[in-house]
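Tertiary structure, described
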Amino acid sequence: MTISPPVHANADDWTEHVFGAALGAIDILAIHLGDRLGWYRALASAGPLTADELADRTGTHPRYAREWLEQQSTSGYLEADGGLPTRFSLPPGAAEALTDERSLAYISPLARMLVGAATHMPALLDAYRTGHGVSWDQMGDDARWSQAAMNRPWFEQMLAGALEGVPDVHGVLGRADAVIADVACGAGWSSIALADAYPAARIVGIDIDEPSIERARENAAAAGLADRVTFRPGDALAVDGTYDAIFIFEALHDMPRPVEVLEAMRRAVKPDGVVVVMDEAVGDGGPTPGDDVERLMYGFSLFVCLPDGMSSQPSVGTGTVMRPSTLKGYALEAGFADVTTLPIEDFGFFRFYQLHV
Ligand SMILES: C[S@@+](CC[C@H](N)C(=O)[O-])C[C@H]1O[C@@H](n2cnc3c(N)ncnc32)[C@H](O)[C@@H]1O
């Protein structure tokens with residue numbers, strides 16, 4: 001999907017454009033309500049429902065439920081049957097996109113991330129003035145769990161097939177007794193997916209965020225993989241051990257000192273091992289305005305990743321839009337010989353890089 005960025009020649013067109021953006025922002029805020037209050041899930045499992053029935057099922061107030069239902073049907077997110085009392089239902093496909101946490105179409109966590117970040121606006125404004133940051137820990141549960149939820153389906157459904165298509169990497173991961181590090185593992189979905197795909201491997205997930213490590217342990221236990229997937233709190237700067245493979249999924253751009261992190265990874269990988277960085281599939285900086293991926297990534301960068309990366313100083317302040325040339329510069333400075341892009345296409349908004357020792 002590509003929505004043309006604004007190129008307008010007069011004030012009215014600019015006003016209309018911003019008005020359209022405001023409607024989109026309202027949609028995001030309302031989706032967050034529907035997600036967090038359990039309204040979409042109730043409609044998906046028991047709809048069509050009246051406002052009173054929805055409120056009753058979800059422990060919410062019927063007057064607010066009615067307002068939200070009306071707003072959602074007015075905006076096209078729900079269908080109203082026109083009866084008295086009116087019953088509301090999710091149109092085809094909406095239940096999957098808004099409630100199915102295993103589906104690649106699942107999109108509600110994006111609203112949670114954006115709304116959650118916006119609740120930190122006073123701290124963000126302060127950071128923008130002072131050059132300080134807003135850490136991942138300050139961003140809190142909305143950031144950590146929406147991040148985990150957004151990436152989970154991709155790891156669960158696509159990671160194994162993607163890696164199988166890269167013989168060099170697949171061969172290393174499939175070694176008997178392979179030990180794999182998942183640096184900045186978050187809630188552990190990538191670690192679990194690696195363990196599922198490579199039954200002889202042992203996975204060590206490392207993250208600086210204690211609540212994420214706790215959740216990752218719970219997730220691995222629930223998957224029946226706690227014997228082969230272990231998690232420990234730690235700073236990526238201090239990764240040590242000896243690994244056949246080291247991954248860092250969508251996190252290098254958050255690191256205040258990415259070169260030092262990559263140096264630690266280079267020291268910790270076996271000479272015949274592999275280091276893989278999955279990060280945003282942004283271009284090398286072409287003409288502006290940019291495409292939707294870059295617009296989204298600059299959005300994450302403004303409100304989440306750059307302030308997080310700046311929250312620990314000194315910081316190089318990478319931001320979400322870590323271009324291939326930037327990554328290559330970091331990798332060479334960290335002592336890697338080369339960086340290549342792996343032939344993994346259509347993996348969400350991501351690109352996979354192999355860093356060669
Ligand atoms: C954008 S999230 C990505 C999480 C996970 N890899 C995923 O793909 O969902 C970035 C993660 O980096 C972790 N992180 C940030 N700085 C770190 C550091 N210095 N050492 C270890 N983890 C760090 C955060 O706690 C967070 O879990």
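In what follows, the structure referred to is the one given above.
Below: a short report on this structure. In this convention, every chain numbers its residues from 1, walking through the sequence in written order. Local features are withheld for residues below a pLDDT of 70 in this predicted model, meaning they are given only at 70 or higher, and side-chain atom pairs are given and counted only at 80 or more; totals for whole chains, interfaces and linings count all residues. Think of the side-chain values as coming from all heavy atoms in the structure, minus any hydrogens and water.

When helices and strands are counted, the protein shows 15 helices and nine strands. For 357 residues, the compact-globule estimate of 2.2 N^0.38 gives 21 Å, and the protein sits close to it at 22 Å. Of all 357 residues assigned to the protein, the portion counted as buried reaches 48%. Two residue types count as positive, namely Lys and Arg, and two as negative, namely Asp and Glu; His and chain ends fall outside the count. Here the site of a charge means NZ on Lys, CZ on Arg, CG on Asp, or CD on Glu. Placing the 25 positive and 50 negative side-chain charges of the protein at their respective mean positions leaves the two points 4 Å apart. Helix and strand definitions follow DSSP, with helices as H or I runs of at least four residues and strands as E runs of at least two, each counted in order from the N terminus. Put simply, the radius of gyration uses C-alpha atoms, and a globule should come to 2.2 Å times the residue count raised to 0.38. Classification of residues uses two cut-offs on accessible area relative to the type maximum, computed with a 1.4 Å probe and protein chains only: under 20% is buried, over 50% is exposed, and between them is partly exposed.

Quick look at the nonpolar core now. Residues Leu159, Leu163, Phe247, Phe347 and Phe352 are the most contacted members of the largest nonpolar core, which totals 40 residues. For this core, the secondary-structure elements that each account for two or more residues are α9 (141–164), α10 (167–173), α11 (189–197), α12 (210–222), β5 (229–233), β6 (243–249), β7 (269–280) and β9 (350–356). Per-element accounting of this core gives the leading share, seven residues, to α9. Membership of the second largest hydrophobic core comes to 32 residues, among which are Met255, Ala268, Val339 and Tyr353. We define the nonpolar core as a collection of buried residues of types Ala, Val, Leu, Ile, Met, Phe, Trp, Tyr and Cys that are connected through side-chain atoms lying within 4.5 Å of one another.

Moving on, we come to the environment of Glu164. You can see Glu164 is positioned in helix α9. Among the residues examined, Glu164 registers a relative accessible area of 52% and is labelled exposed. Separated by ten residues in sequence, Glu164 and Gly174 place their C-alpha atoms 9.6 Å apart. Note on contacts: a residue pair qualifies if any of its non-hydrogen atoms lie within 4.5 Å across the two residues. Those residues within four positions of Glu164 in sequence are excluded, and the remaining contacts are His170 and Tyr198.

It is worth spelling out the pattern of salt bridges at this point. One side-chain nitrogen of Lys or Arg within 4 Å of one carboxyl oxygen of Asp or Glu is enough to make a salt bridge. Counted by the stated rule, this structure contains 19 salt bridges. Two residues, Arg66 and Glu70, come together in a salt bridge whose shortest N-O distance is 3.5 Å. Linking Arg66 with Glu70, this pair stays in helix α4 (residues 62–74), spanning four residues, or about one helical turn. For Glu70, a relative accessible area of 33% translates into the label partly exposed. Between Asp137 and Arg144 there is a salt bridge whose closest N-O contact spans 3.1 Å.

This paragraph deals with the packing of aromatic side chains. In this analysis, rings of Phe, Tyr and Trp, with Trp reduced to its six-membered ring, are considered paired at centre separations within 6.5 Å, and the interplanar angle assigns stacked below 30 degrees, edge-to-face beyond 60, and tilted for intermediate values. Inspection of every chain in the model, using the stated rule, returns seven aromatic pairs. Aromatic side chains Tyr40 and Trp68 sit 5.1 Å apart centroid to centroid with 70° between the ring planes, which places their arrangement in the edge-to-face category. Within this pair, whereas Tyr40 is found in helix α2 (residues 39–46), its partner Trp68 is found in helix α4, the two being separated by 28 residues in sequence. For the pair Tyr40 and Trp68, a shared accessibility class is recorded, and that class is buried. For the ring pair Phe347 and Phe352, a centre distance of 5.0 Å and an interplane angle of 85° mean the geometry is edge-to-face. When sorted by exposure, Phe347 lands in the same class as Phe352, which is buried. One aromatic cluster is present, formed by Trp154, Phe347, Phe350 and Phe352 through successive ring pairs. Whether a charge sits over a ring depends on NZ of Lys or CZ of Arg being within 6 Å of the ring centre and within 35 degrees of the ring normal. In this arrangement the basic side chain of Arg152 is found over the ring face of Trp189, its NZ or CZ atom lying 4.0 Å from the centre. Residue placement shows Arg215 over the ring face of Trp145; its charged tip is 3.9 Å from the ring centre.

Turning our attention to the sheet that holds β6. Sheet architecture is open: seven strands sit in the order β5-β4-β3-β6-β7-β9-β8, paired in mixed fashion. Of all the strands in the sheet, the pair left with one neighbour each is β5 and β8 (338–341). Within the sheet, the average angular offset between the axes of one strand and its neighbour, ignoring direction, is 20°. Being paired, for any two strands, means DSSP has found at least two bridges between them. Pairing geometry for strand β3 (residues 179–183) and β6, over four bridges, is parallel. Bridging across to β6, Ile180 finds its partner in Ala245. Simply put, an axis is a line fit to the C-alpha atoms, just over the touching stretch for a helix, and the angle between two N-to-C directions goes from 0 to 180 degrees. Against the sheet, α9 engages β6, β7 and β9, with an angle of about 140° to β6.

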